[in-house]
Amino acid sequence: MFLPKRILLTGASGDIGSALATSYAANGVTLALTGRDRAKLTSVGENCQSLGAKVLVEPIDVTDHDRLREWVIAIDQAHPIDLIVANAGITGSIGANGQIESWEDTKKILDTNLYGVLSAVHPLIERMRERRQGQIGLMSSLSGYHGLPITPAYCGSKAAIKVYGEALRGLLAADGVGVSVICPGFVKSAMSDRFPGPKPFMIAPQQAAGMIKAGLANDRARISFPFPMNLGMWFLSTIPPVLSDRLISLFGYDSALDSKD
């Protein structure tokens, strides 16, 4: 079981990120936390400090890729990272009458969910390989199994992270570096509140954080939950498209819905 002591976490000002940071906070642990919301990030950092952790806080939007990469390298030079969880992400959806997401929204989603994740982990890959230890957690989604028509850009970004992480795990296995792809279903959060479709089997951020932490500790290749949604999305990815399209329509994920993003 892997027990990291120096942890870097992006998206720490969000609901899942703050729950994850809190779950790792303890005496002897160093947490490097970044997020877009300065006030929330400060609050999360103070809470983690009260639990005994040494906390390094830096407000960064992960779409500022150069600044993020520089910060990650600086942290690793001072505190060689045992575990990075690239957690930051945003969502979006089609318009009320089925309009495709705007180019600006599409680019922002990909800049955050795809390039923001890669910008965080890429600087650490060779550094961890040289140390022959470390772990990388990549935040994907169960929507990475099969695209939902009401959120094309979001699903595309999460599918890219899922496949990238699976490939990276195979590449780094011989070097002692673990890679886990994290695929949550619906977790109660500000982001899930903006999702316009049905949200079955929703769980609390603290419950999600516990499952992510346990999965990372055991170096699981894929950390996907909750089980009913995991099974359902996996099933959609295995059956013929004519059937999966019908099921998606039946469950209400192809309608023109009001966007709350």
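Look a little higher up for the structure.
Residues numbered from 1 in each chain as written. Predicted model: local features only at pLDDT ≥ 70, side-chain atom pairs only at ≥ 80, totals over all residues. Heavy atoms only, no water.

Moving on, we get to unusual backbone geometry. Cis geometry is adopted by the peptide bond preceding P226, which originates at F225 and carries an omega value of -10 degrees. Along the chain, P226 turns up in the loop between β7 (222-225) and α8 (227-238). Notably, R132 is not glycine yet its phi reads approximately 60 degrees, a positive angle. Overall, R132 belongs to the partly exposed group, its relative accessible area being 49%. At D219, a position not held by glycine, the phi torsion is positive, near 55 degrees. Relative to the helices and strands, D219 resides in the loop between α7 (205-217) and β7. (Helix = DSSP H or I, 4+ residues; strand = E, 2+ residues; numbered from the N terminus. Buried < 20%, exposed > 50% of the residue type's maximum accessible area, 1.4 Å probe, protein only.)

In terms of residue burial, strand β2 (residues 30-35) counts as a mostly covered element, since 6 of its 6 residues are buried. Burial of the side chains of β2 extends over both faces: T30, A32 and T34 are buried on one face and L31, L33 and G35 on the other. Sheet topology places strand β1 (residues 6-9) next to β2; 4 bridges connect them, and they run parallel. Residue pairing across strands places L8 opposite A32, the latter belonging to β2. With helix α1 (residues 15-24) bridging β1 and its parallel neighbour β2, the resulting β-α-β unit is right-handed. Pairing of β2 with strand β3 (residues 54-59), which is carried by 6 bridges, proceeds in the parallel orientation. (Pairing = 2+ DSSP bridges. Right-handed = clockwise from strand over helix to strand, strands pointing away.)

Let us now look at the sheet that holds β7. Strand order in the open sheet formed by 7 strands is β3-β2-β1-β4-β5-β6-β7, with parallel pairing between adjacent strands. Where the open sheet ends on each side, the last strands, each with one partner, are β3 and β7. Neighbour-to-neighbour, the strand axes of this sheet turn through a mean angle of 15 degrees, independent of strand direction. Where helix α3 (residues 65-78) meets the sheet, its contacts fall on β1, β2 and β3, and the angle it forms with β3 comes to roughly 165 degrees. Most of the contacts of helix α5 (residues 152-172) go to strand β6 (residues 178-184), to which it runs at about 155 degrees, and overall it touches β5 (135-139), β6 and β7. (Axes fitted to C-alpha atoms, helices over the stretch in contact; angles between N-to-C directions. Contact = heavy atoms within 4.5 Å.)

Below, the discussion takes up the side chain of S192. Note that S192 resides in helix α6 (residues 190-193). Residue classification places S192 among the buried positions, given a relative accessible area of 7%. Engagement of the side chain of S192 in a polar contact is seen with the backbone oxygen of V187, the distance being 2.8 Å. Polar side-chain contacts of S192 include one of 3.0 Å to the backbone nitrogen of S189. Not counting residues up to four positions away in its chain, the partners in contact with S192 are V187, K199 and M202. (Polar contact = N/O pair within 3.5 Å; in protein donor to acceptor, adjacent residues only side chain to side chain.)

Moving on: the packing of aromatic side chains. With the rule as written, the count across this model stands at 0 aromatic pairs. Over the aromatic face of Y145 sits the side chain of K162, whose NZ or CZ is 5.2 Å from the ring centroid. Here the basic side chain of K213 rests over the ring of Y24, its NZ or CZ set 5.1 Å away from the ring centre. (Phe/Tyr/Trp six-rings, centres within 6.5 Å; stacked < 30°, edge-to-face > 60°. Lys NZ or Arg CZ within 6 Å of the ring centre and 35° of its normal.)

For α1, the buried fraction is high: 7 of the 10 residues fall into the buried class. Tucked into the core, α1 has its buried residues touching β1, β2, α2 (38-50), β4 (83-86), β5 and α7.

Turning next to the pattern of salt bridges. Side chains carrying opposite charge are able to pair once their charged atoms draw close together. Counting across every chain of the model gives 12 salt bridges. Two residues, R67 and E58, come together in a salt bridge whose shortest N-O distance is 2.9 Å. Classification of E58 as partly exposed rests on a relative accessible area of 27%. We note a salt bridge from D193 to K188, for which the minimum N-O separation is 2.9 Å. Note on D193: relative accessible area 34%, which makes it partly exposed. (Salt bridge = Lys/Arg side-chain N within 4 Å of Asp/Glu carboxyl O.)

With that settled, consider the side chain of T10. Inspection of the secondary structure puts T10 in the loop between β1 and α1. Exposure remark for T10: the relative accessible area of 1% places this residue in the buried category. Of the polar contacts made by the side chain of T10, one reaches the backbone nitrogen of N87; its length is 2.9 Å. Side-chain polar atoms of T10 contact the backbone nitrogen of A88, separated by 3.2 Å. Residues in contact with T10, not counting those within four places in the same chain, are T34, V62, V85, A86, N87, A88 and A120.

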